[in-house]
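Here is how the chains run, residue by residue.
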Amino acid sequence: MSGAVDLSSLKQPPAGAAGVAGGDYAVGEADFETKVLRRSMQVPVVVALYSQRSPGSVELVKTLERLVAADGGAWELATVEAEANMRIAQALRVQGIPTVIAIAAGQPLADFEGAQPEPQVRQWLDAVVDAVAGKLEGGAAEQQPAEDPRFAAAEDALERGDLAGAEAAYEAILAAEPNNEEAKGALRQLRFLARAQQVPDSALATADQDPANVDAAIDAADLELLNQQPEAAFDRLIAVVKRTAGDDRTKARTRLLELFELFDQAEPFVVAARRKLAAALY
């Protein structure tokens, strides 16, 4: 049904319109915009149009009430008594009672007509929730993902200053999940930190005094990066790449690429450094 109906008329209820009594989920013309259209920007809202004169539709509403209570906020229910809210029924192009319509992001998403057994209603609801997963703003029921205890253990080790223990924890994650990008990134950062902390403060002076000393330049670049000077670290190693050849050039280039991997590759200073490296190589 998506995009098939125009609900804009329901954003301006007629003067004096009132909501319908008769249940915690009751919605009428006066509050349809707030409780259905606006709320559907956050979670899917299932609108059940029914009639008190139709035992089948009343039973369907009771089924939906049980299911919404059980689902803990994954979707919300709005029950609309059709005879008292003909403008809603007309706007939704309802042909028969009962009719159930799922609305997401202010638009009808899916619907069914007629009384249905609970297993079929459950299947339909699950499909609606799956269809909008991750596509709405999220409502009160949105849950933060549970913290991975493996990463928590690694972070605890870091807080204790146990770099070896943290490294072992990340390596264990990668042994089980070789493509876990979060663990890869954390391990790169950790290994750099462990290495850079061993570089003496004199490394900068040593490298500046002896430009031909490639190992000193590599140590100095680590120290500059540790001191939050990535551009200086990159420029130092690019200069080494530019003036050396063979194993020395390979050693400096390899370390430079390792330092690049510590950052988001879209960072402007990383992009600029990669261009400088390309120019130095060719």
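As a reminder, the structure under discussion sits directly above these lines.
None of these values were measured; they are calculated from a predicted model. Note on numbering: residues in each chain are counted from 1, in written sequence order. Per-residue local features are limited, in this predicted model, to residues with pLDDT of at least 70; the limit for side-chain atom pairs, both in listing and counting, is 80 or more; totals at the level of whole chains, interfaces and linings are taken over all residues. Each side-chain value is derived from all of the structure's non-hydrogen atoms; neither hydrogens nor water enter the calculation.

S.K.: Residues and numbers for the nonpolar core, please.
M.R.: If you look at the biggest cluster of nonpolar residues, it comprises 22 residues, and the most contacted ones within it are Phe192, Leu225, Phe234, Leu237, Leu256, Leu259 and Phe260. Only DSSP runs of H or I with at least four residues qualify as helices, and only runs of E with at least two residues qualify as strands; both kinds are numbered from the N terminus onward. Elements with a contribution of two residues or more to this core: α7 (181-196), α9 (214-226), α10 (230-243), α11 (246-260) and α12 (268-281). Here the element with the most residues in this core is α10; it accounts for six residues. By the convention used here, residues are in contact when the closest approach between their heavy atoms is within 4.5 Å. For phenylalanine 260, the contacting residues outside a window of four places in its chain are Phe234, Gln265, Val270, Ala273, Arg274 and Leu277. The term nonpolar core refers to a set of buried residues drawn from Ala, Val, Leu, Ile, Met, Phe, Trp, Tyr and Cys, joined through side-chain atoms within 4.5 Å. Each residue's exposure class comes from its accessible area (1.4 Å probe, protein chains only) as a fraction of the maximum for that residue type: buried when under 20%, exposed when over 50%, partly exposed otherwise. Core analysis: the second largest hydrophobic core is formed by 17 residues, Val46, Phe112, Val121 and Leu125 among them.

S.K.: Mind laying out the pairing of strand β1 (residues 45-50), listing which residues take part and the relevant values?
M.R.: The element β1 is largely enclosed, with a buried count of six among its six residues. Every second residue of β1 is oriented toward a common face, with Val45, Val47 and Leu49 on one face and Val46, Ala48 and Tyr50 on the other, all of them buried. Sheet topology note: the β1/strand β2 (residues 76-81) ladder contains six bridges and is parallel. Its bridge partner being in β2, valine 45 is matched across the sheet by glutamate 76. We call a crossover right-handed when, viewed with both strands directed away from the observer, the connection leading from the first strand over the helix to the second proceeds clockwise. Following the backbone out of β1, through helix α2 (residues 55-70) and into the adjacent parallel β2, one traces a crossover that is right-handed. Pairing between two strands is assigned when DSSP locates at least 2 bridges connecting them.

S.K.: Can you break down α11 residue by residue, with the values?
M.R.: The end-to-end C-alpha separation of α11 is 21 Å, in line with the 21 Å expected for 15 residues at 1.5 Å each. All of the buried residues in α11 are Ala252, Arg255, Leu256, Leu259 and Phe260. For α11, the angular spread of buried residues about the axis comes to 150 degrees, placing them on one side. Buried residues belonging to α11 abut α7, α9, α10 and α12. By definition here, a helix of n residues has an expected span of 1.5 Å times n minus one. The arc under discussion is defined with respect to the helix axis, by the directions toward the C-beta atoms.

S.K.: Got a sec to walk through the packing of aromatic side chains? Specific residues and values, please.
M.R.: A pair of aromatic rings is counted whenever rings of Phe, Tyr or Trp (Trp by its six-membered ring) have centres within 6.5 Å, and the orientation is called stacked for planes under 30 degrees apart, edge-to-face for over 60 and tilted otherwise. One pass over the full model with this rule turns up six aromatic pairs. Seen from their ring centres, phenylalanine 151 and tyrosine 170 are 6.1 Å apart, and the 55 degrees between their planes marks the pair as tilted. Remark: tyrosine 170 occurs in helix α6 (residues 163-176) and phenylalanine 151 occurs in helix α5 (residues 149-159); sequence separation between them is 19 residues. With respect to burial, phenylalanine 151 and tyrosine 170 carry one shared label: buried. Seen from their ring centres, phenylalanine 234 and phenylalanine 263 are 6.0 Å apart, and the 90 degrees between their planes marks the pair as edge-to-face. Of this pair, phenylalanine 234 sits in helix α10 while phenylalanine 263 sits in the loop between α11 and α12, placing them 29 residues apart in sequence.

S.K.: I'd like a rundown of unusual backbone geometry, residues and numbers included.
M.R.: A negative phi angle characterises most non-glycine residues, just as the trans form characterises most peptide bonds. Note that the residue after isoleucine 97, namely proline 98, is joined by a cis bond; omega there is 0 degrees. Mapped onto the elements of the fold, proline 98 is located in the loop between α3 (86-91) and β3 (99-104). Positive phi, normally seen in glycine, also occurs at arginine 93, with a value near 60 degrees. Among the secondary structure elements, arginine 93 is positioned in the loop between α3 and β3. Classification of arginine 93 as exposed rests on a relative accessible area of 54%. In the Ramachandran plot, glutamine 228 falls in the positive-phi region, its phi being about 65 degrees despite a non-glycine side chain. Inspection of the secondary structure puts glutamine 228 in the loop between α9 and α10.

S.K.: Tell me about a negative patch on the surface, and please be specific about residues and values.
M.R.: Distance thresholds for patches are 9 Å for like charges and 5 Å for nonpolar side chains (Val, Leu, Ile, Met, Phe, Trp, Tyr), applied to residues having over 30% relative accessible area and no salt bridge. Using a 1.4 Å probe, accessible areas were evaluated by the Shrake-Rupley method; residue-level cover was limited to the displayed protein chains. The salt bridge criterion pairs a side-chain nitrogen of Lys or Arg with a carboxyl oxygen of Asp or Glu, the two atoms within 4 Å. Asp and Glu are treated as the negative residues and Lys and Arg as the positive ones, with His and the ends of the chain left uncounted. By convention, the point assigned to a charge is CZ for Arg, NZ for Lys, CD for Glu and CG for Asp. A cluster of acidic residues, Glu155, Asp156, Glu159 and Glu182, forms a negative patch at the surface. Ranked by residue count, the leading element in the negative patch is α5, at three residues. You can see glutamate 155 is positioned in helix α5. Accessibility expressed as a relative area gives 34% for glutamate 155, which makes it partly exposed.

S.K.: Now, about the packing of α5 against α6: what can you tell me, with residues and values included?
M.R.: An axis is simply a line fitted to the C-alpha atoms; with a helix, the fit covers only the stretch in contact. Between two such axes, the angle follows the N-to-C directions and lies from 0 to 180 degrees. Contact geometry of α5 with α6 gives a least axis separation of 7 Å together with a crossing angle of 165 degrees. One way to sum up the angle between α5 and α6 is to call them roughly antiparallel. When the axes of α5 and α6 are compared, the crossing they make is left-handed. For the pair α5 and α6, contact is made by Arg150, Phe151, Ala154, Glu155, Ala157 and Leu158 and by Leu163, Gly165, Ala166, Ala169, Tyr170 and Ile173, respectively. Three categories are distinguished: nonpolar for Ala, Val, Leu, Ile, Met, Phe, Trp, Tyr, Cys and Pro, charged for Asp, Glu, Lys and Arg, and polar for the others, with Gly belonging to the last. Residue composition of the contact of α5 with α6, by class: nine nonpolar, one polar and two charged. Every angle not falling under 35 degrees, over 145, or within 65 to 115 is termed oblique; those three ranges are roughly parallel, roughly antiparallel and roughly perpendicular. In this scheme the crossing of two helices becomes right-handed for a clockwise turn of the near helix relative to the far one and left-handed for an anticlockwise turn of less than a right angle.

S.K.: Outline the environment of lysine 276, supporting the account with residue identities and numerical values.
M.R.: Mapped onto the elements of the fold, lysine 276 is located in helix α12. Using a relative accessible area of 43% as the deciding quantity, one classes lysine 276 as partly exposed. Between the C-alpha atoms of lysine 276 and aspartate 235, which are 41 residues apart in sequence, the distance is 8.4 Å.

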